[in-house]
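Results of the structural survey
Single-letter residue listing:
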Amino acid sequence: MKMINYTLKHLEKTFPKSTQNYQYVQMSIQSNSLPSVREAIEKYLFLRQSRNEYSDLSIDQNGFESKTFPKQTHDIRDTRILSLIGLHACGDLTIDSMKLFLNLPEVKLLILVPCCYHKMKSKCESINANLEHKNKQMFHNFPASKTLRSAIETRNVHNILQWPFLRLAGQATWAMWKTYSKEDHESHAFNVLSRAVIQLYSEKGGPQIKKFYRSIVTKSDLQRNDFNVYINRTFERCNITNQNTLSSKSDVGEIKKELLNLWDEHKNKLKLIEIITGLQMCIESVAESLVAADRACFLFENGIKDIRLIKLFDSNISPRGLVYVATKSNKSFLT
């Protein structure tokens, strides 16, 4: 198992300058995709060839489907290396891809860029159920390796490796944090506290709030640092309901008033939020390293000896810059 810090000058040695010799096939992969992927590979390995011309192929969700063939054909085995590549292996998709890699002898190379560790499927229906499972393994695919599971059992630290830990592993990096300006910190603190106040209000018996859009506010809204604006955007861009559907302007006005009162109680925590966030970003690399080591051990325990964890992307740009590379060959494809 190797951990390598790569810079741009290493890229040419790791990945080809051109993709002209590669044929990329896009498929949707899930935990139960092994039969369909195996069928696609079998069809691919026995392509028909005549006069060095391959048939035209189309690809659907079930794999390869031949469209046209020359009249005189014969089957040959394609000797090119088959690779399994995931550029956004979110949540359980990383482990699902690793299991496919292990179960498909034709696939010799695995390249994965994982992310969103906290989106792995839990054995609990909600975060609140975490309290009942704090002394048990909470996720189906974490820990993945026998090594980490044994270490957890020995030290009885199930309560640490839960949702918050995986959320920390997916946090932005300290490299990004140190580039923030004073204005960036102020906007970040305001946004975090605003969302926290609204969530607190909802959990205290207020209406349920569900976003219609990815973000409640725009960057220009955040620059104002005005909670009144944040509340107005919340009503514009979210679905707000309670046991009795909001029926009048007085209901809306009362909610806004209660939110403003709650904001006044907590607005002195803005600086504290940035301190805590800075601590989170310092812990991020430690948490992500444990997740990465667990997955590397999972491959190693299943007979894969050539495993590399490559820090490839610029941490100032992308918080998820770790690439898993594994090969089945005795001779590595990477030099």
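Read on for an overview of the structure. A quick note: this is a predicted structure, and the numbers were derived from the prediction, not measured. Position labels on residues start from 1 in each chain and follow its written sequence. Side-chain atom pairs in this predicted model are given and counted only at pLDDT of 80 or more, local residue features only at pLDDT of at least 70, and totals for whole chains, interfaces and linings cover all residues. Excluded from the side-chain calculations are hydrogens and water; all other atoms, namely the structure's heavy atoms, are used.

1. So, the pattern of salt bridges
- Criterion for a salt bridge: a side-chain nitrogen of Lys or Arg within 4 Å of a carboxyl oxygen of Asp or Glu. Under the defined criterion, the tally for this structure stands at three salt bridges.
- The partner of Asp 264 in a salt bridge is Lys 267, and the shortest N-O contact between them spans 3.6 Å.
- Residues Asp 306 and Arg 308 are paired through a salt bridge, measuring 3.5 Å at the closest nitrogen-oxygen approach.
- Burial status follows relative accessibility: with a 1.4 Å probe on protein chains alone, a residue under 20% of its type maximum counts as buried, one over 50% as exposed, and anything between as partly exposed. For Asp 306, a relative accessible area of 14% gives the class buried.
- A residue is classified by how much of its surface remains accessible, and Arg 308, at 8% relative accessible area, is buried.

2. Details of the packing of helix α3 (residues 93–103) against helix α11 (residues 270–301)
- Axes here refer to lines fitted to C-alpha atoms; in helices the fit is confined to the stretch in contact. Angles between the N-to-C directions go from 0 to 180 degrees. Secondary structure counts use DSSP, requiring at least four H or I residues in a row for a helix and at least two E residues in a row for a strand, with both numbered from the N terminus. Taken N-terminus to C-terminus, the directions of α3 and α11 make an angle of 15°; their axes are 11 Å apart at the nearest point. It follows that α3 is roughly parallel to α11 by the angle criterion. For the pair α3 and α11, the sense of crossing is right-handed. Seen from α3, the contacting residues are Thr 94, Ile 95, Met 98, Lys 99, Phe 101 and Leu 102; seen from α11, they are Arg 295, Phe 298 and Leu 299.
- Nonpolar residues are Ala, Val, Leu, Ile, Met, Phe, Trp, Tyr, Cys and Pro. Charged residues are Asp, Glu, Lys and Arg, and all others, Gly as well, are polar. Classifying every residue of the contact of α3 with α11 by side-chain character gives six nonpolar, one polar and two charged. Convention used here: angles under 35 degrees read as roughly parallel, angles over 145 as roughly antiparallel, angles from 65 to 115 as roughly perpendicular, and any remaining angle as oblique. Two helices crossing with the near one rotated counterclockwise from the far one by less than a right angle form a left-handed crossing, whereas a clockwise rotation gives a right-handed crossing. Whether two residues touch is decided by their heavy atoms; if any such pair falls within 4.5 Å, the residues are in contact.

3. Structural notes on the side chain of Thr 327
- Position of Thr 327 among the secondary structure elements: in strand β12 (residues 322–327).
- Judged by relative accessible area, which is 3%, Thr 327 ranks as buried.
- One polar contact links Thr 327 to Asp 306, side chain to side chain, over a distance of 2.8 Å. Pairing of N or O atoms within 3.5 Å defines a polar contact, subject to two protein rules: one partner must be a possible hydrogen donor and the other a possible acceptor, and residues neighboring in sequence count only if both atoms are side-chain atoms.

4. Things to note about the pairing of strand β7 (residues 82–90)
- Of the pairings in the sheet, the one linking β7 to strand β8 (residues 107–115) comprises seven bridges and is parallel in character. For Cys 90, the partnering residue across the bridge sits in β8 and is Cys 115.
- What joins β7 to β8 is α3, and the crossover it makes is right-handed. By definition, two strands form a pair when at least two bridges between them are found by DSSP. By convention, orient the strands away from the viewer: a clockwise path from the first strand over the helix to the second makes the crossover right-handed.

5. Remarks on the packing of aromatic side chains
- Stacked, tilted and edge-to-face pairs are distinguished by plane angle, under 30 degrees for stacked and over 60 for edge-to-face with tilted covering the rest, among Phe, Tyr and Trp rings (Trp via its six-membered ring) whose centres lie within 6.5 Å. Per the counting criterion, the structure on display carries seven aromatic pairs.
- Judged by centre distance (5.4 Å) and plane angle (50°), the rings of Trp 177 and Tyr 180 are tilted.
- Its relative accessible area of 26% is what places Tyr 180 among the partly exposed residues.
- For the pair Phe 227 and Trp 263, a centre-to-centre distance of 4.5 Å together with 10° between the ring planes defines the contact as stacked. Of this pair, Phe 227 sits in helix α9 (residues 227–237) while Trp 263 sits in helix α10 (residues 249–266), and the two are 36 residues apart along the sequence. For the residue pair Phe 227 and Trp 263, the accessibility class agrees, reading buried in each case.
- Here, a charge over a ring means that NZ of Lys or CZ of Arg falls within 6 Å of the ring centre while also lying within 35 degrees of the ring normal. The ring of Phe 300 carries Lys 305 above its face, with NZ or CZ at 4.4 Å from the centroid.
- Seen from the ring of Phe 101, Lys 328 lies directly overhead, with NZ or CZ sitting 4.6 Å from the centre.

6. Re helix α7 (residues 182–203)
- Its 22 residues give α7 an end-to-end C-alpha distance of 32 Å, which sits within 8% of 32 Å, the value for a rise of 1.5 Å per residue.
- Regarding α7, the residues found buried are Ser 187, Ala 189, Phe 190, Asn 191, Leu 193, Ser 194, Val 197, Ile 198, Tyr 201 and Ser 202.
- Gly 205 lies just past α7 and shows a positive phi near 115°. To estimate how far a helix should reach, multiply one less than its number of residues by 1.5 Å.

7. Here's the deal with a nonpolar patch on the surface
- Without a salt bridge and with relative accessible area above 30%, a residue can belong to a patch; like charges are then joined within 9 Å and nonpolar side chains (Val, Leu, Ile, Met, Phe, Trp, Tyr) within 5 Å. Accessible surface area values rest on a Shrake-Rupley calculation with a 1.4 Å probe, where residue burial reflects the displayed protein chains alone. Together, Leu 272, Ile 275 and Ile 276 give the surface a local cluster of nonpolar side chains, amounting to about 290 Å² of exposed area.
- Secondary-structure assignment places Ile 276 in helix α11.
- Owing to a relative accessible area of 42%, Ile 276 belongs among the partly exposed residues under this scheme.

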